Structure formats: structure tokens, C-alpha cells
Amino acid sequence: MLANLSNEILILDAHQSGISYLLYEINIREELVSAVDNTEAAIAHFNAHSPQLVIVSLASNHDENIEFINWLDKLDKPVAIIAAASNGNAELAAAAVRSGATDFLDLSVNNAAFALGQRIDRALSLVSQRSRTDELRRPLNDKENDSFIGRSQKMVEVAQLIVNAAKSSASVFITGENGTGKEVCAELIHRYSSRKQAELVTLNCAAIPDSLAESELFGHVKG
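Residues numbered from 1 in each chain as written. Predicted model: local features only at pLDDT ≥ 70, side-chain atom pairs only at ≥ 80, totals over all residues. Heavy atoms only, no water.

Enquirer: What is the right way to read a nonpolar patch on the surface from this model?
Expert: Taken together, L203, L217 and F218 make up a surface patch of nonpolar side chains, about 350 Å² in accessible area. Structurally, F218 is set in helix α9 (residues 210-218). Judged by its relative accessible area of 70%, F218 falls in the exposed class. (Patch = residues over 30% accessible without salt bridge, like charges linked within 9 Å, V, L, I, M, F, W, Y side chains within 5 Å. Areas by Shrake-Rupley, 256 points an atom, 1.4 Å probe, with all protein chains shown as cover. Salt bridge = Lys/Arg side-chain N within 4 Å of Asp/Glu carboxyl O. Helix = DSSP H or I, 4+ residues; strand = E, 2+ residues; numbered from the N terminus. Buried < 20%, exposed > 50% of the residue type's maximum accessible area, 1.4 Å probe, protein only.)

Enquirer: How should the pattern of salt bridges be read in this particular structure?
Expert: A side chain with one charge may pair with a side chain of the opposite charge, provided their charged atoms come close. One pass over the full model with this rule turns up two salt bridges. Between R29 and E31 there is a salt bridge, with the nearest N and O atoms lying 2.8 Å from each other. Residue R29 is classed as partly exposed on the basis of its relative accessible area, which comes to 48%. Since its relative accessible area comes to 58%, E31 is described here as exposed.

Enquirer: Just to check I follow, could you spell out the packing of helix α2 (residues 39-49) against helix α3 (residues 62-74) for this structure?
Expert: Axis angle and axis distance: for two packed helices, these are the angle between their axes and the distance between the axes, and together they describe the pair. Interhelical geometry of α2 versus α3 gives an angle of 20 degrees and a closest axis separation of 10 Å. By the angle class used here, α2 and α3 are roughly parallel. At the point where α2 passes α3, the crossing takes the right-handed sense. Across from T39, A42, I43, F46 and N47 in α2, the residues of α3 making contact are E64, N65, F68, W71 and L72. Broken down by class, the residue content of the contact of α2 with α3 amounts to six nonpolar, three polar and one charged. (Axes fitted to C-alpha atoms, helices over the stretch in contact; angles between N-to-C directions. Parallel < 35°, antiparallel > 145°, perpendicular 65-115°, else oblique. Left-handed = near helix turned anticlockwise from the far one by under 90°. Contact = heavy atoms within 4.5 Å. Nonpolar A, V, L, I, M, F, W, Y, C, P; charged D, E, K, R; others polar.)

Enquirer: Any chance you could explain the nonpolar core here in plain terms?
Expert: Generally speaking, soluble globular proteins have nonpolar side chains that are buried together. Residues L23, I55, I82, L116 and I120 are the most contacted members of the largest nonpolar core, which totals 23 residues. Every element with two or more residues in this core is listed here: β1 (9-12), α1 (19-25), β3 (53-57), β4 (80-85) and α5 (112-136). Among the elements that line this core, the one with the most residues is α5, at eight residues. Filtering out sequence-adjacent residues up to four positions away, L23 remains in contact with I9, I11, I28, V33, I55, L116 and I120. (Core = buried A, V, L, I, M, F, W, Y, C linked by side-chain atoms within 4.5 Å.)

Enquirer: Which parts of the structure should I look at to understand a negative patch on the surface?
Expert: A cluster of acidic side chains, namely E40, D63, E64 and E67, defines a negative patch on the protein surface. If you tally residues by element for the negative patch, the top one is α3, at three residues. Summarising the element assignment, E64 is placed in helix α3. (Lys, Arg positive; Asp, Glu negative; His and termini not counted. Charge placed at Lys NZ, Arg CZ, Asp CG, Glu CD.)

Enquirer: Any chance you could explain empty space enclosed by the protein here in plain terms?
Expert: To find leftover empty space, one rolls a probe the size of a water molecule over the atoms. Going through the model one piece at a time under the given rule, you end up with one cavity of 30 Å³ or more. Considering only enclosed or pocket space, the largest cavity measures out at about 30 Å³ in volume. (1 Å grid on protein atoms, 1.4 Å probe; cavity = no way out; pocket = protein on both sides within 12 Å on 5 of 7 lines; lining within 4 Å. Points joined across faces, edges and corners; volume = space filled by probe spheres on them.)

Enquirer: Can you walk me through α2 in this structure?
Expert: Since the α-helix turns once every 3.6 residues, residues separated by three or four places project in the same direction. Buried within α2 are the following residues: T39, A42, H45 and F46. Buried residues along α2 cover an arc of 120 degrees about the axis, so they all sit on one side. When the buried face of α2 is taken as reference, the exposed residues oriented beyond 90 degrees from it are E40, N47 and A48. Looking at the buried residues of α2, the elements they touch are β1, β2 (33-36), β3 and α3. With a side-chain oxygen positioned 3.2 Å from the backbone nitrogen of E40, the residue opening α2 is N38. Just past α2, the residue S50 takes up positive phi, approximately 45 degrees. (Arc of directions from axis to C-beta. Polar contact = N/O pair within 3.5 Å; in protein donor to acceptor, adjacent residues only side chain to side chain.)

Enquirer: How do you make sense of the sheet that holds strand β5 (residues 103-106) when you look at a structure like this?
Expert: Within a sheet, adjacent strands bond to each other through the backbone by hydrogen bonds, running parallel or antiparallel. Taken together, the five strands give an open sheet; going across it, the order is β2-β1-β3-β4-β5, and neighbouring strands pair in parallel fashion. The open sheet is flanked by β2 and β5, the only strands paired with a single partner. The sheet shows a mean angle of 20 degrees between the axes of neighbouring strands, direction not considered. One ladder, built from four bridges, connects β1 with β3; its direction is parallel. Its bridge partner being in β3, I9 is matched across the sheet by L53. Taken strand by strand, α2 contacts β1, β2 and β3, and its axis lies near 165 degrees from that of β1. (Pairing = 2+ DSSP bridges.)

Right, dumping it as C-alpha cells:
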């Protein structure tokens, strides 16, 4: 997963507790690492560069730095957040995770660099999974849509089918009993497709006699 680190790492650390050196030990390129010593600078840097990973030291300014973690979490952006502190402070670890940290690192453990690498892998993997889940939930969370309702696993699976179908140029056949939302699914596939700017034409084939269906769909010339 470290090989997939395509964006920079931001470190918030007032006392330079060695996090940058740990990253160097696990072969993170120096140009990918930026360090700041206060939350104002961290917020400004994050807004300007949107780093993929943020490591927050809790060695000092505990409350302020945990508030920064909470600020990151509320942004609803795909960012991995690792909190770090020495001496295995369980209270700080719990507070950081409650505020939105993806993981916690005890800097006093043996081979802290290896432990940090493990946590980076895990945090990036979790964020990737979360981004994928958010994409699948787009039809459920769309503020413009008030017809596709549900948060259960089955509805998320339907949302996944909708997103996958929308990406494809293949024909889509939707089946289901009356009132199950077949037309709603069709409208959402159109909305998320590359042809969303074109008109969506709906036709109730069940209301058209078999003898007239071909004319209705493809036109008719007398004789």
C-alpha cells in the first residue's frame, strides 16, 4: 500500500518528535513529507494541498490537535489520519479515535518505524474502502433524489448495480414486481451515465397492444 501513496503526507508536530525520521526509515521520499507545528498552519496546508495522509502528534497541545483531527473528520474527504503519542497513553488514543483518527501509534514501541508503516498501510486501505462505499451510496445520498430510499445492505447492493450500470454503454434490462422502483433505477442510471445531458424517454410498453408496439417504438409509414 505504501507504493500507492501518490500524494503528500502532512505532519502536525510542535516538538518534532521524530515522525519525519520514521517515515524516512520506511523509505517515504522526503519531498512527499511536509511538517507544520500548529493547527492553523495545518489547516491552511491541508486546504491548499489536500494531503492523502495526516499524522498528528499528541505530544503537546492535546486538545487543540484532537480538535484538528475532528475538523479533518468532518470534512468528509478521503484522508487517512494517524494520531501519535509516546508512552502508550490510552486516554489520548481513545480521544483521538473518537474524534476521527483512523489509527493510533505509540511512538515508544520497539521498531516504531515498522509499526508506523503498518498503520499507514491499514489507514490508507480503510480510506480507500470508505471512498468506494461512498461511491456506491451516491444514489442513496443524492440530495436531488427523493425517490430512492433505504440504507440497508440490500439497498447498497442495488446502488452498486446502478453505479456499475451507469458506467457501462451496454443495454440494461431491469426486472422486478410492480411498485419495486424499476423506473427509479432507470432514471438514476441515466443521471449517473455519460449521457445524462441527453433526454431520457420513458415508455409504458405494457399499455401498448402488441400490434402497435413496433410502430410506437420505431415509427410507421402507411402501406
